[in-house]
Amino acid sequence: MIKLSVLLAVAVTLAGALQATGRLGVAPEGEPAHLVAPAELRPLADKYELDEEARQRLQRAYEALEAHEAKPKPDPVETNGPIFTDWPVPQAALVITGEQVGYLEPCGCAGLENQKGGLKRRHSMVKVLRDQWKWPLVMMDAGEQVRYVGPQAEIKYRYSIESLMEIGYHAVGFGPKDLRTDLLGLVINLPPDQTPLTSASIGVLGFDPDFSKRLRVVTVGEGAQAVRVAITHVMGPQALAETAPSDDLDKLSPNEALAAVLPEIAAAKADQNVLMVYGDRSEAEAIAREHDVFDWVVAGRGSDEPPSTARRIEGSRRGGGAMLVEVGHKGMYAVVVGLYRDQAAAAEGALKPGQGWLARYQKVPLDHRWADSPEMHAKLVAYQQELATLRWEGLGLKPRRHPTNEEFAGSAVCADCHTAAWEVFEKTPHFWTTETLVALNPARHLDPECISCHAVGWEPQKYYPFASGWVSHAATPHLSGNGCENCHGPAARHAAVELGDLDVDEAEETALRQALHLEVQENEGNMPGQVLGKAVDNCLQCHDLDNSPDFDFQEYWPVVKHEGMD
Amino acid sequence: MRSLLLVVLFSAAVGAGAGTWLALLDVGEVTNDFMPSADLAAGPVISDAEPLAGAPSVREAPAPRVKVDDAAYDFGTMARGATETHQFVFTNVGTEPLRLEVGATSCKCTLGNVETGEIMPGESSPVRLEWVAKVNPGPFRQTATVLTNDPRQPRVELSVEGQVTEVTGMQPREFLLGVLGSGDAASASIYLGAYKDEPLEVSAQMAPGSRNPERFQVNVTPVEPATAPIDGATAVVRIDVKAGPGLPLGGMTEWVEIKTSLAKAPLLQAPILAVVQGDISLHGRGWSKEAGVLNLGTISAAEGKEAQLLVSFKGEHASGATAEVVEVDPPWLIAELGEPKRLSDTKTHLPLTIRVPTGQKPVLRNDTAQSDGDARVLLRTNHPETPEVDVRVRFILTQ
């Protein structure tokens, strides 16, 4: 039985003491740099064919990034709280994650120190717990590594699974978006004895055991201290309905899936049974009540962040009642459950399945208290290299017509007439956003999910280029930066008319000007009580909650403010 | 170093013991958190930790003590964009004045009534949390931390949770055609609903800029709300997309433009997602069906590289399908076909291994001007309509 009681924090904590010494999990070789070395700027400029103006912007971008790096960072413990307060070494610790939904790393646009998540930090957390603290870890992920579909999502899914294998995961389930990738192409390249893919409701080619397992039984510790944990996964009814038709995949409802795997679970006689459900809390609870053989039930689809504690699932009885764990979104947190043998309960007499265990729970913020793992950094470099090799076409990105049917001219053309606005623009980071991506380690300007907000002429939220939009420094140098037309709209025809290259009647000339006009309304902004107008809505396409969580239009606007035709 | 370790061990044991003892002493067994029994061993051995000063003497000293009525509140269902507030009641059950200040919030929560002065022993004060549901539909949980001068609970994490619903119900949010053959037709539907008796008129068509719009049919049909998968809607339409046959091979994302009479959603877009395969398709790590190329990346000549692919035959000619390697470029590139695996009458898989052997000279094989072009492996098959499969291979072989 899992006994529960309130755990009061004590002021002195082991974790807190360790955090005072610096970032956790720093590898002997140190951490990978966020920026390229200064000496690499010129070779990079040559490699990506930056013209002289772009090289100057690259230098400015680099200086701005360096200045940011040099700033003092907020204390993550103060911000997000201490962790593992007075935990003794557990006999086993369940590390539970899920819903990474594409976030191999936090975006970083708002400063990595202000964002949580990423495989680099997750790996460091595991290395600290497993390698430094010697905790016996059982690691599982409830699925949904990616968020979108298409070639980039397929590549990302593959890197995610390979990264989880390198981190040491024992079991990884599926979400519906995972199944929209070429799963068959992935699984044939994973060694059968190493693949962590686990699901009782999703199989590949007739639940071929070389590709995935219905059940994993993981043993950690040795001798009398050994702990056996059985892990399975099902997809909730709603997620199952979201999966794409495919004759390579086998899909079973949760009830069908568990009916097939329950005999295996019973035969395993593990100390603790874990069910990962790719579904929300209510689905997970319903399945747990229906199949009352689990000690821990993971809801893989859920809220933004995990709750502060696990919750007992009413109506379940095994081991005193199954406990529900939620994992949050975007890999910002890992949940760690420490398991301890209850010696007193064991002494009292015969224990029923699931009984005889005490537990602690910790939601672990993957903030910058954790170092960047060099191994995961290397994966990220390889991922970016693969995107670069395929280029836009290989990533299935074909330019689409802009909704206005107009084409882009580039900000420098606007500057011919709108001189005052240009003088503001060229002093803001918007001017060098493309080169900001070039200066990163690794460069991200060949990543559609990054460039879509860092150059002119892409759909910012759907990551595809518009016709006449940014292609590369070599092909479209005039479209660098987050330029005028990303807010005002494509202006090639307007510019041609104004510069006398195209004759139109007065009505069309006026209409072209009017179409690009954008006016900030009174009290326009994105905070409560402010007017959500067209201008701020444009900003929010890139300054969204993921990439710019502190964005406040009324605070940011004065920095880029420009008015009137000049 | 050894003395440091001993201090850490001692401190860990004392710290853990103190926390455990206090918990048992003060509250006994309840049902919302965990702790191990009191006789557990010391905490983890952390060799690089700072020495600890010892366990705090929080039991004896007069101190404020914070108690919150319920630190987690469920807002239930919220419409997207709606604002909700909740008041958490903080009570000082200690013996010294309690002070509160705002800590970190996870998102767009706004905390009010904090830092309004001291809460005297025995007194209570409400803390107001406001949240605007400007997030995607689905479950949410937002947290806000209140810092206190209670030495045993310096941080109180408040959380609100619930479910955000769309102003306009659309279920599912995409037309999911899945994997289909190039000669196949497929269809998918989404449901669009209105709430609170708002009139619903809808038209839908392929979005401007769609490729092959003639391959798609889009229809809108009113349906009975009770039969539609949108809870609470008072009017519902079903939008059907029929696609194919004759869609181009590869991954496909097209968009349907939906115009509605709804005040808050006059124009919506929903993607059509599909992967269109021919009778013969390739699968494997690094295979890009969009580019039709196997991307092996940068390879060290000393290590070489190997890729496992599957050649998948589907359709009426799949049974008994075979292939052979008839050409490789460069000649040292190794391509080997395994035994065919017949999965059904309409599906056969043929393993294909492509290997860049060790010891070759550095070379650039891709589509850049400086290279010799993509490497390639040519397969001959017995499929009557696709007698050859050209597998292009892209890599950079370095020293």
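Residues numbered from 1 in each chain as written. Chains lettered and ligands numbered in written order. Predicted model: local features only at pLDDT ≥ 70, side-chain atom pairs only at ≥ 80, totals over all residues. Heavy atoms only, no water.

Per an unreviewed UniProt entry, chain B goes by DUF1573 domain-containing protein and derives from Botrimarina hoheduenensis.

Chain A appears in an unreviewed UniProt entry as Cytochrome c-554 from Botrimarina hoheduenensis.

Residues and elements named next belong to chain B. Averaged over all residues, the pLDDT of chain B equals 79, while 81% of them reach at least 70. Mean pLDDT values over the elements of chain B span from 32, in strand β1 (residues 29-34), up to 97, in strand β23 (residues 334-337). Counting interchain partners and residues more than four positions distant, the pLDDT-below-50 stretch residues 1-60 has 124 contacts. (pLDDT = per-residue confidence, 0-100. Helix = DSSP H or I, 4+ residues; strand = E, 2+ residues; numbered from the N terminus. Contact = heavy atoms within 4.5 Å.)

Time to look at the confidence of the model for chain A. Predicted confidence across chain A gives a mean pLDDT of 91, with 96% of residues reaching 70 or more. This model gives residues 1-21 of chain A a pLDDT under 50, and the stretch forms 89 contacts once residues within four places in sequence are excluded.

So, on to the pattern of salt bridges. Under the counting rule described, the total for this entry stands at 49 salt bridges over all chains. Among the salt bridges present, the one from R23 of chain A reaches E31 of chain A, with a minimum N-O distance of 2.5 Å. D248 of chain A is the salt-bridge partner of K347 of chain B, the closest N and O atoms lying 2.9 Å from each other. Here D248 of chain A lies in the loop between α8 (237-241) and β8 (249-251) and K347 of chain B lies in strand β25 (residues 347-356), a pairing that spans two chains. (Salt bridge = Lys/Arg side-chain N within 4 Å of Asp/Glu carboxyl O.)

Counted according to the given criterion, the structure contains 17 aromatic pairs over all chains. For the pair F84 of chain A and W133 of chain A, a centre-to-centre distance of 5.8 Å together with 80 degrees between the ring planes defines the contact as edge-to-face. Taken as a pair, F84 of chain A in the loop between α4 (76-80) and β2 (92-97) and W133 of chain A in the loop between α5 (119-132) and β3 (137-141) lie far apart in primary sequence, 49 residues in all. With respect to class, F84 of chain A is no different from W133 of chain A; both count as buried. Arranged with centres 5.1 Å apart and planes meeting at 80 degrees, the rings of F84 of chain A and W135 of chain A form a pair that is edge-to-face. In this pair, F84 of chain A is assigned in the loop between α4 and β2 and W135 of chain A in the loop between α5 and β3, connecting sequence segments 51 residues apart. For the pair F84 of chain A and W135 of chain A, a shared accessibility class is recorded, and that class is buried. Here the aromatic cluster, defined as three or more aromatic residues joined through ring pairs, consists of F84, W87, W133 and W135 of chain A. Here K462 of chain A stacks its cationic end above the ring of W255 of chain B, 4.3 Å away from the centre of that ring. (Phe/Tyr/Trp six-rings, centres within 6.5 Å; stacked < 30°, edge-to-face > 60°. Buried < 20%, exposed > 50% of the residue type's maximum accessible area, 1.4 Å probe, protein only. Lys NZ or Arg CZ within 6 Å of the ring centre and 35° of its normal.)

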